[in-house]
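This is what each chain is made of:
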Amino acid sequence: MESIKKEFESLINNVEDYEQLKQLKAKFLGRNGSVTNLFKKMSALNNQEKKEYGKKINELKNYIEDVIDEKYLDIKEKIRNKALESESVDITLPGRRKQFGAIHPITKTIMEIENIFSSLGFDVEYGPEIEQDMYNFEMLNIPKEHPARDMQDTFYIDDNTLLRTHTSPTQVRVMKHKKPPVMFISPGKVYRRDSDITHSTMFHQIEGLLIDKNIHFSDLKGVLSEFLQIFFGDVAVRFRPSYFPFTEPSAEVDIECIMCKGKGCRVCSHTGFLEVLGCGMVHPNVIKNVGYEDKWNGFAFGLGVERFAMLKYGIDNIRMFFENDMRFLDEFSYDAGRVL
Ligand code: FA5
């Protein structure tokens, strides 16, 4: 019995899993196990011997059973700890953010500009993208064969129908249907035969028109300077004489270069200024064409939304807006809701 006990104790120390434990149990307590075989030898003993011998074998059997039970619990605990270790959650890892859709930077820029002009009292009007030659050119003082048409070549559906080249026809459409005074902006898509890193065949403009009595160039300067300061922050604004057939006098507006703060760099061709929009006092011919009396006058302006967005967000290629590269669009997702 002593040697069986010693053998058991040395073997149990090496047991590591349920299968080995099962085999060990069979070896000692199974039908042919060494302890079971001891019981079989008892038939050769007398009653007194049976009693003493039987007691000792039972003690050995109980001892082996207890140790096996302990070992069983020990293995169970080890398996559980291992699982906890491998399935544990690292609470120091950053959480997984939900993917939210983002407002497209062009839409966002339009919304921002609309907000500024709404706060100044302007309405928002819309015009069609498929436009008649009459509204896109004729009534804006750009007759057939006028050289200004060269700069605005576009897609023609027929001789009199085209994809509008600017949002200015909305000026005519609104004035033809509304009595003065009028005061609105009009965002939308426009089309030109034009393509390089700052020009696209489809782009967005925002038109602005204010018609009332006794409007001066200083009103135009005041409104546009205020708007540019709100949109771009505290920047210097410069008005430069220019030409548009539908305004007189006309001007182009520059802002201090956002990239170099006016010092001169590659972006502003070392001038320190960047052109951002066209504007002027509405030409008397346009006032006459829409049927307004000549006591009414006012100013108009037109800006390229892509240009505003490129300057505001530091984007140097206009195509980025239309390629729908998720890595680019995701840049705008963080504060997407803020504009709303
Ligand atoms: C006009 O389109 C005039 N209708 C603006 C205007 C309105 C003047 C009312 C006076 C009174 P212009 O062709 O310069 O003007 O275009 C205005 C702006 O549109 C430009 O400053 C530029 O930012 C943008 N733009 C012009 N062509 C493209 C193009 N192909 N791709 C992207 N933006 C363009």
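Residues numbered from 1 in each chain as written. Predicted model: local features only at pLDDT ≥ 70, side-chain atom pairs only at ≥ 80, totals over all residues. Heavy atoms only, no water.

## Points about the side chain of T161
- With respect to the element layout, T161 can be found in strand β4 (residues 161-163).
- Leave out the neighbours within four places in its chain, and T161 touches I130, E131 and Y156. (Helix = DSSP H or I, 4+ residues; strand = E, 2+ residues; numbered from the N terminus. Contact = heavy atoms within 4.5 Å.)

## Overview of the packing of helix α2 (residues 18-29) against helix α4 (residues 47-86)
- Put simply, α2 and α4 touch, their axes get as near as 10 Å, and they point 175° apart. Considered as vectors, α2 and α4 are oriented roughly antiparallel to each other. Residues Y18, L21, K25, F28 and L29 of α2 lie in contact with α4, whose contacting residues are K61, I64, E65, I68, K71, Y72, I75, K76 and I79. (Axes fitted to C-alpha atoms, helices over the stretch in contact; angles between N-to-C directions. Parallel < 35°, antiparallel > 145°, perpendicular 65-115°, else oblique.)

## Focus on the nonpolar core
- Within the largest apolar cluster, 45 residues are counted, with the highest numbers of intra-cluster contacts made by F227, L228, F232, V276, L277, C279 and F308.
- Looking at this core, the elements with two or more residues in it are α5 (105-119), β6 (202-212), α8 (217-232), β8 (247-256), β9 (273-282), β10 (297-304), α10 (305-313) and α11 (326-330).
- When residues in this core are grouped by element, the largest group, seven residues, is from α8.
- Not counting residues within four places of it along the chain, the set of residues in contact with C279 comprises L220, L224, F239, F244, T247, S250, A251, V253, A300 and F301. (Core = buried A, V, L, I, M, F, W, Y, C linked by side-chain atoms within 4.5 Å. Buried < 20%, exposed > 50% of the residue type's maximum accessible area, 1.4 Å probe, protein only.)

## Focus on a nonpolar patch on the surface
- Together, Y18, Y72, L73 and I79 make up an exposed nonpolar region whose accessible area comes to about 390 Å².
- A total of three residues in the nonpolar patch trace back to one element, the largest contributor, which is α4.
- Exposure remark for L73: the relative accessible area of 54% places this residue in the exposed category. (Patch = residues over 30% accessible without salt bridge, like charges linked within 9 Å, V, L, I, M, F, W, Y side chains within 5 Å. Areas by Shrake-Rupley, 256 points an atom, 1.4 Å probe, with all protein chains shown as cover. Salt bridge = Lys/Arg side-chain N within 4 Å of Asp/Glu carboxyl O.)

## Looking at the layout of surface pockets
- Taken as a whole, the largest pocket holds about 890 Å³ of empty space.
- Lining the largest pocket we find 35 residues, and of these R192, F203, Q205, E252 and E275 sit closest to its centre.
- Of all the secondary structure elements, the ones that give two or more residues to the lining of the largest pocket are β6, β7 (237-244), β8, β9, β10 and α10.
- Considering each element in turn, the lining of the largest pocket owes the most residues, six residues, to β9.
- Here the residues of the lining of the largest pocket sort into 16 nonpolar, 12 polar and seven charged.
- Computed from the structure, the second largest pocket encloses a volume of approximately 440 Å³.
- Lining the second largest pocket are 19 residues; nearest its centre among them are T198, V267, C268, L274 and R307. (1 Å grid on protein atoms, 1.4 Å probe; cavity = no way out; pocket = protein on both sides within 12 Å on 5 of 7 lines; lining within 4 Å. Points joined across faces, edges and corners; volume = space filled by probe spheres on them. Nonpolar A, V, L, I, M, F, W, Y, C, P; charged D, E, K, R; others polar.)

## So, unusual backbone geometry
- Omega for the peptide link from P180 to P181 comes to 0°, which places this bond in the cis form.
- By secondary structure assignment, the location of P181 is in the loop between α7 (169-177) and β5 (182-191).
- That bond from E248 to P249 is cis: its omega, -5°, falls within 30 degrees of zero.
- Within the fold, P249 resides in strand β8.

## Notes on the domain arrangement of the protein
- Domain annotation for the protein reports domain 1 (2-86) and domain 2 (105-339).
- For domain 1 and domain 2, the distance between their C-alpha centroids amounts to 93 Å. (Domains from an automatic or database assignment.)

## Here's the deal with the side chain of K71
- Structurally, K71 is set in helix α4.
- D74 provides the closest opposite charge to the buried, salt-bridge-free K71, at an N-O distance of 4.2 Å.
- Each residue touching K71, except ones within four places of it in the same chain, is listed here: I12, N13, V15 and L21. (Lys, Arg positive; Asp, Glu negative; His and termini not counted.)

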